[in-house]
Amino acid sequence: MFRHLAAAVMILAVVTAAPAEATPGLVPAADREVVLPADGTTVYGTVHVPEHRAGQRLRAALLLPGSGPTDRDGNQPPGSSPDTLAQLADLLGKDGIATLRFDKYGTGRTGLGAYRDHPEKLDYPAFVRQAHAAYESLRDQPETDPHALLVVGHSEGAMTGLLLGGTVRPRPAGLALLQPQAIRMLDLVALQLKAQIAEATRQGQFTPEQQRTVNAAIDAAVTSLRERRPVNSTDLPSPIARLFEAFQGPNAQFVESDDAVYPPDTAAALRPGTKVLLTCGTNDVQVPCDTTNALKAALRHARAGGPGRVVLPGVDHLMHDADHPSTLALPVLNALHRFVRS
């Protein structure tokens, strides 16, 4: 998540995919482009409808991307193209679940929209409102069963999904929080940075005394941002100093509003019995499993339904492992299959 967070600021239906060969009595699977309004912006997305009986109402899932300029497929072109959300749509479609994924602000066909001339006003709540509008669009699709809606979010998108779970109507039947941002944003950034400094110290790039100095400077930078004061970068390595510089100026409103959310607190608004899957990967250096402990406890206190937290052996933040470097790892597939079939 760290490498994406610095960039974090950033019903019309047309069949776009060639239909599969029809099975007698069934409507073939297809993708279609959708457009939906959000805060004066036209948001573009893709609905995937799996093969189904004519007139059948399907379970449906809203797919939410992680932080940074991540588009409807889960990519940040040209540098990163893991197709995370496109692969999730394909996986869920095989279980008979329709999906909607969309180009969030700053990406794809949507772009900055109404924020084009004032990008500094694009805060985290704007992304939540955009996701809320997408949820309503999914609810109103002709194939959707509005009482069987799911929200599936990855990383920051999981935090957004958790916020939606307590506010949208009808309430979702289930939430899949995949490698979620489960603590405050700046706390997570500080944790990630300190882990990198610890590794650099282990490799001899810093002395233990220098490590302590840098760690203290990271803590001071976080405090300065929360108190809306300029960050003193004197004791910060150049890459870390540039990151904190990026969190100020035009990006300050987004960072402040994202950091204001403590995900465990949002769990209290969930409807008791809401089915929740929370995953963490043992090889995820961006969202370590122990950062989800408080959220796990909060979900239990809110009487959320299972399966709860599922630890994914060998899985990284993009939900890959050594055997699946560019596709969803088998533990991810198994966890999602169990979630949607329960």
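Up top is the structure these notes are about.
Each value, and the rule that gives it
Residues numbered from 1 in each chain as written. Predicted model: local features only at pLDDT ≥ 70, side-chain atom pairs only at ≥ 80, totals over all residues. Heavy atoms only, no water. Buried < 20%, exposed > 50% of the residue type's maximum accessible area, 1.4 Å probe, protein only. Helix = DSSP H or I, 4+ residues; strand = E, 2+ residues; numbered from the N terminus. Arc of directions from axis to C-beta. Contact = heavy atoms within 4.5 Å. Salt bridge = Lys/Arg side-chain N within 4 Å of Asp/Glu carboxyl O.

Novice: How should helix α10 (residues 293–301) be read in this particular structure?
Specialist: Along an α-helix, a turn takes 3.6 residues, which lines up residues three or four apart on a common side. For α10, the set of buried residues is Leu 295, Ala 298 and Leu 299. Along α10, the residues classed as buried sweep out an arc of 100 degrees about the axis, all on the same side. Opposite the buried face of α10, at more than 90 degrees from it, the exposed residues are Arg 300 and His 301. Among the structural elements, α4 (156–165), β9 (174–178), α9 (263–266) and β10 (275–281) are those in contact with the buried residues of α10.

Novice: Would you explain the pattern of salt bridges in this entry?
Specialist: Two side chains of opposite charge can pair, provided their charged atoms sit close to one another. Counted according to the given criterion, the structure contains 18 salt bridges. In this structure, Asp 140 and Arg 139 form a salt bridge, with 2.9 Å as the shortest nitrogen-oxygen distance. A salt bridge links Asp 259 to Arg 226; its shortest N-O distance comes to 2.8 Å. Taken together, the residues Asp 259 in helix α8 (residues 252–259) and Arg 226 in helix α6 (residues 208–226) connect sequence positions 33 residues apart. When its relative accessible area of 2% is taken as the criterion, Asp 259 is described as buried. One salt-bridge network, held together by shared partners, links Glu 33, Arg 72, Asp 103 and Arg 109.

All quantities given are derived from atomic positions and should not be read as evidence of function.
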